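One-letter residues, chain by chain:
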Amino acid sequence: MRTHYCGELDTTFVGKEIELCGWVHRRRDHGGVIFVDLRDREGIAQIVFDPNFPAPFAIADRVRSEYVLKIRGTVRPRPEGTANPDMHTGAVEVVGDCIEILNIAETPPFQIDEHQTVAEEIRLRYRYIDLRRPEMFAKIKLRADIVSCIREYLNTRGFIDIETPVLTKATPEGARDYLVPSRTHRGEFFALPQSPQVFKQLLMMSGIDRYYQIVKCFRDEDLRADRQPEFTQLDVETSFLTANEIQAIMEIMIQQLFETLLDVKLPPFSRISYADALQRYGTDRPDLRIPLELVEVSDLLAQVDFKVFATPANDPNGRVAALCIPNGCELLTRKMIDDYALYVADYGAKGLAYIKVNDRSQGSAGLQSPILKFMPADVVERILQRVAAKTGDVIFFGAGSNTVVNDSLSALRHKIADDLNLYDGDWCPLWIVDFPLVEWDAQAQRWHAVHHPFTAPKTSDLSALSQNPAQLTARAYVRVLNGYEIGGGSSRIHDQATQQAVFELLGIGASEAEAKFGHLLTALKYGCPPHGGIAFGIDRIAMLMTGSSSIRDVIAFPKTQTASCPLTSAPTSAPAQQLAELGIKVVTKK
């Protein structure tokens, strides 16, 4: 129906007769001449209808926003002084000699021809209209380009694209599973995969050697701006490669991705241990563009009479940390400091102590803080020295459990960086390594895997798994970019004895392990190679590369934060007949 896309036109088309199809982006009537901006996925072309051609002019006079048109005409340069340098097609226009209305359109629920704020609920309900917006299409297109670049990179390096099952068994770790009832096996259920973890390990045992898949995964968990109940990940597994070798392959892939699509050369990849990341930044996904670090001061405050500091300083599960803000006296108002105290309260902090360094040369006389009266002058001086405080700085303190201090000061670090625009550089990729193998779940009174139960411990001494599990580190690694975890992986357990020992540590007894993972344990008996892999979140990578604030902007038809779909009104109830076939009875809450 058309010879070209609207966005292709430039001065090389002058004098050519073309046919275009698209939507009316904007219609303007200027002194008897009608201008129609026709839009398709590649851009916008300006079409001119002259009253000297009465038939097409009359039709053009009837069209309205979002009508679907087919237009034939001749390309010519725009008159002098009317070119639009901000558009690829801005130097030319099309003189329309034939126009056909392929379909009319009602007034859309929101305007597409100009930037405006539209409630997300409305955008998602009319997503097919939202995706017509050029900025939204550009994001979806870049996402497609990301997947294409990844496939090309892996295909040329010996990786084989293999699909794994979508209907599988429930997993014992991580988020809740989405269950699918079986009609042919009444009372039994499939689970949608949280990841293809076990299957890709079985592929390594099959001799596949290098596997990858762009795969849909499902997790029934509470949502955030960077989470969805169904998401897409790049899943990778390899045999006979060390963790460092896998990371090197993935580093080059991400570097080429950014250079190809954004013309960005990523800086060298940093490498930080999990313990160091928590100590210095309060999080295992730090944004190193922010030039602020947490400084441990527990040892300096262990003997003070101020219990707010002394109690956590003497608690093995507590800490007192300081965060020094250069020139904070000038940059932070009293209201901002008060607001920060309310902000950290959302993360469990009971307050936010601070010291203003008005004049470093005057000692205690140059300081301002309500907590100074509770602390000896020599202790304060040593704190100032440790954080390298200068005149004009403000020092914030976090005191409490490790979790509360880390969560609150990490969030405060980001909040202040946003408020004061403290970011240094555009991109900062890094690897976080040396994760703990397990964490203690106080509520469940058992250990659970930090990553998953198939991650290999660094030790080969199986007795250490039961003697001192809290000190064990895993052969795991996480890829972080600008404060977001975009990928994570590990070397896997490849012998049956170690896998059974880890199951036992996690409270998965022999019978339960056999019921849930018998197929894996059996496979481990038959010559399993050393193997490992990684998974990258395609949605998060696309979100970062497009500069979006939410992964919903880079997913064609996303769910809301309540895991519902405004477009289709899913989820919905099922008919009684279908429930009866499945042997399911719905119990409603009172």
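The notes below deal with the structure included here. Everything quoted here is computed from the prediction, not taken from an experiment.

## Focus on the packing of aromatic side chains
Across all of its chains, the model carries 13 aromatic pairs by this definition. Ring plane angle 45° and centroid distance 5.6 Å describe the contact between Phe 309 and Phe 397, whose orientation is recorded as tilted. Of this pair, Phe 309 sits in helix α9 (residues 307-313) while Phe 397 sits in strand β16 (residues 394-401), and the two are 88 residues apart along the sequence. Just as Phe 309 is buried, Phe 397 falls in that class too. A centroid spacing of 6.2 Å and a plane angle of 85° characterise the contact between Tyr 340 and Phe 396, whose relative ring orientation is edge-to-face. Placement of Tyr 340 in helix α11 (residues 334-345) and of Phe 396 in strand β16 is noted, with a sequence separation of 56 residues between them. Residue classification places Tyr 340 among the buried positions, given a relative accessible area of 2%. With relative accessibility at 0%, the residue Phe 396 sits in the buried group.

## Some remarks on the state of the cysteines
Taken as a whole, this structure holds zero disulfides when the rule is applied. No disulfide involves Cys 329; its sulfur sits 9.5 Å from that of Cys 324, the nearest cysteine.

## Section: the layout of surface pockets
Computed from the structure, the second largest pocket encloses a volume of approximately 610 Å³. Lining the second largest pocket are 18 residues, with Tyr 178, Leu 179, Leu 192, Pro 571 and Thr 572 sitting closest to its centre. Counting only elements with at least two residues in the lining of the second largest pocket, the list comes to β7 (179-181) and α18 (576-582).

## With respect to the pairing of strand β18 (residues 438-441)
One ladder, built from four bridges, connects β18 with strand β19 (residues 446-449); its direction is antiparallel. Residue Trp 440 lies in a different strand from β19, and its bridge partner there is Trp 447. Between β18 and β19, which pair antiparallel and follow one another directly, the connecting turn spans four residues, one of which, Gln 445, has a positive phi of 55°.

## Thoughts on the sheet that holds strand β14 (residues 353-357)
Read across the open sheet, the five strands follow the order β12-β13-β16-β14-β15; overall the sheet is antiparallel. This sheet does not close on itself; its edge strands, each paired only once, are β12 (294-296) and β15 (367-368). Bridge count for β12 against strand β13 (residues 318-325) is three bridges, and the pairing is antiparallel. The partner of Leu 294 across the bridge, within β13, is Leu 323.

## Brief notes about helix α16 (residues 510-523)
Residues lying three or four places apart along an α-helix face the same way, a consequence of the helix completing one turn every 3.6 residues. The end-to-end C-alpha distance of α16 is 16 Å, clearly below the 20 Å that 14 residues give at a rise of 1.5 Å each. The largest bend in α16 is about 90°, located at Phe 517. Three or more residues of α16 are buried, namely Ala 513, Phe 517, Gly 518, Leu 520, Leu 521 and Ala 523. Each element contacted by the buried residues of α16 is listed here: α5 (197-205) and α15 (496-505).

## Describing the environment of Val 118
Among the secondary structure elements, Val 118 is positioned in the loop between β5 (92-103) and α2 (120-125). A C-alpha to C-alpha distance of 26 Å links Val 118 and Thr 572, two positions 454 residues apart in sequence. Residues within four places of Val 118 in sequence aside, it is in contact with Phe 110 and Arg 123.

## Remarks on the pattern of salt bridges
Oppositely charged side chains can pair when the atoms bearing their charge come close. Inspection of every chain in the model, using the stated rule, returns 41 salt bridges. Across the pair Asp 130 and Arg 133 runs a salt bridge, and its minimum N-O distance is 2.8 Å. Looking at Asp 130, the relative accessible area reads 0%, which means it is buried. We classify Arg 133 as buried; its relative accessible area is 8%. Here Lys 141 and Asp 145 are joined by a salt bridge, their closest N and O atoms 3.0 Å apart. With a gap of four residues between them, Lys 141 and Asp 145 both fall in helix α4 (residues 134-155), about one helical turn apart. Among the residues examined, Asp 145 registers a relative accessible area of 24% and is labelled partly exposed.

## Structural notes on the packing of α5 against α16
Put simply, α5 and α16 touch, their axes get as near as 10 Å, and they point 20° apart. Taken together, the axis directions place α5 and α16 in an arrangement best described as roughly parallel. In this structure, α5 crosses over α16, and the sense of that crossing is left-handed. Residue-level contacts link Val 198, Leu 202 and Met 205 of α5 to Phe 517, His 519, Leu 520 and Ala 523 of α16. Considering only residue class, the contact of α5 with α16 consists of six nonpolar, one polar and no charged.

## Side note on empty space enclosed by the protein
By the definition in use, this model includes one cavity of 30 Å³ or more. By volume, the largest cavity amounts to about 30 Å³. Residue lining of the largest cavity: Leu 124, Arg 127, Phe 557, Pro 558, Cys 565, Pro 566 and Leu 567, and that is the complete set. Residue classes in the lining of the largest cavity are distributed as six nonpolar, no polar and one charged.

## Focus on unusual backbone geometry
Here the residue pair Ala 570 and Pro 571 is connected by a cis peptide bond, since its omega of 5° sits within 30 degrees of zero. Position of Pro 571 relative to the elements: it lies in the loop between α17 (538-546) and α18. Even without a glycine there, the phi angle at Asn 327 is positive, about 60°. Looking at the element boundaries, Asn 327 is found in the loop between β13 and α10 (328-331). Judged by its relative accessible area of 42%, Asn 327 is partly exposed.

## So, the pairing of strand β10 (residues 230-239)
For β10, the buried fraction is high: nine of the 10 residues fall into the buried class. Pairing geometry for strand β9 (residues 210-218) and β10, over nine bridges, is antiparallel. Bridge pairing in β10 places Ile 214 opposite Leu 234. Sheet topology note: the β10/strand β22 (residues 531-537) ladder contains seven bridges and is antiparallel. Each residue of the ladder has a partner; that of Leu 234, found in β22, is Phe 536.

## Side note on the nonpolar core
Ile 150, Leu 154, Leu 234, Met 250, Met 253 and Phe 536 are the most contacted members of the largest nonpolar core, which has 41 residues in total. Mapped onto this core, the elements with two or more residues apiece are α4, β9, β10, α6 (243-262), β17 (429-433), β20 (476-481), β22 and α17. Of all the elements, α6 adds the most residues to this core, at eight residues. Every residue in contact with Met 250, bar those within four places of it in the chain, is listed here: Leu 154, Val 236, Trp 431, Arg 479, Ile 534 and Phe 536.

Analysis parameters
- Residues numbered from 1 in each chain as written.
- Predicted model: local features only at pLDDT ≥ 70, side-chain atom pairs only at ≥ 80, totals over all residues.
- Heavy atoms only, no water.
- Phe/Tyr/Trp six-rings, centres within 6.5 Å; stacked < 30°, edge-to-face > 60°.
- Helix = DSSP H or I, 4+ residues; strand = E, 2+ residues; numbered from the N terminus.
- Buried < 20%, exposed > 50% of the residue type's maximum accessible area, 1.4 Å probe, protein only.
- Disulfide = S-S within 2.5 Å.
- 1 Å grid on protein atoms, 1.4 Å probe; cavity = no way out; pocket = protein on both sides within 12 Å on 5 of 7 lines; lining within 4 Å.
- Points joined across faces, edges and corners; volume = space filled by probe spheres on them.
- Pairing = 2+ DSSP bridges.
- Expected span 1.5 Å × (residues − 1).
- Bend = angle between axes of the 7 residues up to and from the residue.
- Contact = heavy atoms within 4.5 Å.
- Salt bridge = Lys/Arg side-chain N within 4 Å of Asp/Glu carboxyl O.
- Axes fitted to C-alpha atoms, helices over the stretch in contact; angles between N-to-C directions.
- Parallel < 35°, antiparallel > 145°, perpendicular 65-115°, else oblique.
- Left-handed = near helix turned anticlockwise from the far one by under 90°.
- Nonpolar A, V, L, I, M, F, W, Y, C, P; charged D, E, K, R; others polar.
- Core = buried A, V, L, I, M, F, W, Y, C linked by side-chain atoms within 4.5 Å.

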